[in-house]
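Observations on the three-dimensional arrangement
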Amino acid sequence: MAQKVLIIDDDPEFVEATSNLLDAQGYKVNSAPNGKLGVAKAKEEKPDIILLDVMMTRNTEGFEVARELNKDKKLQKVPVIIITGVRREMSLPFGFEPDDAWLPVKGVLEKPVKPNVLLKTVAQCIGEKSNPA
């Protein structure tokens, strides 16, 4: 059975390009344009991994969604990868790192992300989920 990827991002071009890339690798891809719909879709579909934007309806929405997903007992083991351009967009002099309390995700990738980096990160995170240490 194909592994399921949920993309939560409000940029339709990014969603389409990423969906096509992942679909070509055999993943089953679904998407949601904002955090509220994304959380609902995650609860309904139980994806193997979630790719999450930060700036959607609010500049910090992705961070809030990551924490909400982590609080849900059925979703907290689903790896979440933040894929964002927030640092560049807001001219922040620092990046973001995963943190158990504030940013409970497996990784952070900067947009634009190279396709090979995205595919490698997705495969590694799904592999870690199915083969916990």
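Scroll up to find the structure.
Structure report, in brief. On a predicted model such as this, the values are computed, not experimentally measured, just so you know.

**Section: the environment of V15**
- By the secondary structure assignment, V15 is in helix α1 (residues 12–24).
- If sequence neighbours within four positions are ignored, V15 has contacts with I7, D9 and S31.

**Some points on the nonpolar core**
- Ranked by size, the top nonpolar core spans 18 residues in total, and within it I8, A42, I50, L52, V65, L69 and V80 carry the most contacts.
- Broken down by secondary-structure element, the contributors of at least two residues to this core are β1 (4–8), α2 (35–45), β3 (49–52), α3 (61–71) and β4 (80–84).
- At four residues, α3 tops the list of elements feeding residues into this core.
- Those residues in contact with L52, other than ones at most four positions away along the chain, are I8, G62, V65, A66, V80, I81, I82 and I83.
- Among the nonpolar cores identified, the runner-up in size contains 17 residues, and I7, F14, Y27 and I126 belong to it.

**Here we look at unusual backbone geometry**
- The linkage connecting K111 with the following residue, P112, adopts the cis geometry, with an omega of -5°.
- As for its position among the elements, P112 is in the loop between β5 (107–110) and α5 (115–130).
- Backbone geometry places K46, a non-glycine residue, at a positive phi of 45°.
- Position of K46 among the secondary structure elements: in the loop between α2 and β3.
- Using a relative accessible area of 44% as the deciding quantity, one classes K46 as partly exposed.

Procedures and definitions
- Residues numbered from 1 in each chain as written.
- Predicted model: local features only at pLDDT ≥ 70, side-chain atom pairs only at ≥ 80, totals over all residues.
- Heavy atoms only, no water.
- Helix = DSSP H or I, 4+ residues; strand = E, 2+ residues; numbered from the N terminus.
- Contact = heavy atoms within 4.5 Å.
- Core = buried A, V, L, I, M, F, W, Y, C linked by side-chain atoms within 4.5 Å.
- Buried < 20%, exposed > 50% of the residue type's maximum accessible area, 1.4 Å probe, protein only.

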